[in-house]
Amino acid sequence: MSVPLKFYNTLTRQKTVFEPIDPDNVRMYVCGPTVYDYAHIGNARPAIVFDVLYRLLRSVYGADHVTYARNITDVDDKINARALRDHPGLPLNEAIRQVTEKTETQYHQDIAALGCLPPNVEPRATDNIPQMIEIIEKLIARNHAYVAQGEVLFDTKSMQDYGQLSKRPLDEQQAGARIAVDAHKKNPGDFVLWKLSSENEPGWESPWGRGRPGWHIECSAMSQRYLGEVFDIHGGGLDLIFPHHENEIAQSRCAHGTQVMANLWMHNGFVQVEGRKMSKSDGNFITINELLATKTFGGRSWPGEVLRLAMLMTHYREPIDFSVKRLEEAERLLGKWPAAEPGTAEPCPIVMEALADDLNTVAAVQRLHALAQEANGDSSMMPMFAASAALLGVLPKKAEVDEAVASAVDALVAMRLEMLKAKNFAEADKIRNELGEKGIQLKDGKDPATGERVTTWEMKR
RNA sequence: GGCCUCGUGGCGGAGUGGUGACGCAGAGGACUGCAAAUCCUUGCACCCGAGUUCGAUUCUCGGCGAGGCCUCCA
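Everything quoted here is computed from the prediction, not taken from an experiment.

J.: Can you lay out the pattern of salt bridges for me, pointing to particular residues and giving the numbers?
T.: Inspection of every chain in the model, using the stated rule, returns 23 salt bridges. Residue Asp 155 pairs with Lys 186 through a salt bridge whose shortest N-O separation is 3.8 Å. Of this pair, Asp 155 sits in the loop between strand 6 (151–154) and helix 5 (170–175) while Lys 186 is found in the loop between helix 5 and strand 7 (191–196), placing the two residues 31 residues apart along the sequence. A relative accessible area of 55% places Lys 186 in the exposed class. With a closest N to O distance of 2.6 Å, Arg 453 and Asp 444 form a salt bridge. Given the relative accessible area of 38%, Asp 444 is considered partly exposed. Here the salt bridges share partners, and the residues they tie into one network are Asp 77, Lys 195, Glu 201 and Arg 212.

Have a look at this one:
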């Protein structure tokens, strides 16, 4: 390994050198979507950010030596509500299946358009209920959980160092707590591991009756199942630090008796709209699909690569104000980059160094832009540019140009040159304009030897 | 109230204890029949105050401002 990787760890609030538990199998877990509705562009940020991390790890440790798990949350009261709303005629389970399947398919399409590689495993909560029950039983057996009024609750007081991740000691939390304290909780911070379901709620049989899991337990169960009791990296949005990740840690560590759940905790910042967090409950969100397929934002649709690059032009921990201007700049940059195939070349060391320094995609993109310009002038630079761009997942693909179309364009270009020689500018410009309308950009240059006009062209992306 | 981020030129955005990255836009120029594309030139920015220092945008403290979490949330 050439460059040491350094990442900012939410757990220690410091940037430290990353050392995997097992370099032959680097394991990362990222909190994925709850599938009840279109994902918004804020949801796209962790997908993209951790995709870059995944690519970087694969590059450093080898493509077969990284395991990336990203869950699909398909048990959630929002899903139930959506199922009842959209499919009132169907039996509940069927209605839920319709909602989750449709949303999941859409999510995969959206994320793929943003250039994200699929994770190695994408477990669903509903496929891991027994694993969750097992953890809950362990927690009860170890006196970290208790049953009260049909719920199984985690006993936060039973964990002496609860609150490490969010730096939120229990006693301080009570002071300004706005949450109404449920009477059946021993401590206000106690959270649900399992709750009973009524007839018209989805449920699974358990030692505590037919019920469903609490929000946090699925990630504890699935990360253990696919990555082990202790793994390398856990990622997600800033807003998951508390309570979600804090509680995952509590469950996993108390169930397994381990000192940590994951060594490195990474959190991405928010996508903002007009300086405010984009959020579904606030209604100020724009979906990935709207950006890709409709003219909702800025009066036009936007290619996935543009959205991805726009996202990588800001460091992952900083907020991004989502704007048309920003997308336009990303598009302009991409338009100047050559299309290429990934190939087997090594990425530029400067790009590697940038990414190795806490995923500094901004510096990486800047370097990439310089490389693109070098490659435009000197084709021997192309493989390095391509490899570097591929590392970020922003390599422009060669536009598929039909051969018949290509020769037709070549013929028109030749015809135009003839007209120019004859100083028939009106006709020549007409050809140029017509091609332009078809998205074909003519580029006039000079042959350095003869000084004659040489015209090349390309499809605008 | 508690906890956590952040504050750099029109915009985006790194970085550093000692003359001001860079990109985009803008301006000027070259090239062109005119354009486009391309190339060249051009930016004296670091929230405020105090302190540490020979020297701070960079360190410390205070202030102001913005955002986030504490409730479903990427």
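Picking up after the structure, the text goes on.
J.: With reference to specific residues and values, describe unusual backbone geometry.
T.: Cis rather than trans, the peptide bond between Phe 242 and Pro 243 has omega equal to 0°. Within the secondary structure, Pro 243 sits in helix 7 (residues 241–256). A positive phi angle, near 60°, is found at Asn 143, a position not held by glycine. Locating Asn 143 in the fold gives a position in the loop between helix 4 (129–141) and strand 5 (145–148). A positive phi angle, close to 50°, is found at Glu 274, a residue other than glycine. By secondary structure assignment, the location of Glu 274 is in the loop between strand 11 (271–273) and strand 12 (276–277).

J.: Describe in detail the sheet that holds strand 13 (residues 320–321), supporting the description with residues and values.
T.: As summarised here, the arrangement of the three strands in space is 12-11-13, forming an open sheet in which the pairing is mixed. The outermost strands of the open sheet, each flanked by one partner alone, are strand 12 and strand 13. The sheet contact formed by strand 11 and strand 13 spans two bridges and is parallel. Residue pairing across strands places Val 271 opposite Ile 320, the latter belonging to strand 13.

J.: Explain empty space enclosed by the protein residue by residue, including any values.
T.: Applying the stated criterion across every chain yields a total of two cavities of 30 Å³ or more. Approximately 40 Å³ is the volume found for the second largest cavity. Forming the boundary of the second largest cavity are Val 49, Val 52, Leu 312, Thr 314, Tyr 316, Leu 359 and Thr 361. Residues that form the lining of the second largest cavity fall into these classes: five nonpolar, two polar and no charged.

What counts, and at which threshold
- Residues numbered from 1 in each chain as written.
- Chains lettered and ligands numbered in written order.
- Predicted model: local features only at pLDDT ≥ 70, side-chain atom pairs only at ≥ 80, totals over all residues.
- Heavy atoms only, no water.
- Salt bridge = Lys/Arg side-chain N within 4 Å of Asp/Glu carboxyl O.
- Helix = DSSP H or I, 4+ residues; strand = E, 2+ residues; numbered from the N terminus.
- Buried < 20%, exposed > 50% of the residue type's maximum accessible area, 1.4 Å probe, protein only.
- Pairing = 2+ DSSP bridges.
- 1 Å grid on protein atoms, 1.4 Å probe; cavity = no way out; pocket = protein on both sides within 12 Å on 5 of 7 lines; lining within 4 Å.
- Points joined across faces, edges and corners; volume = space filled by probe spheres on them.
- Nonpolar A, V, L, I, M, F, W, Y, C, P; charged D, E, K, R; others polar.

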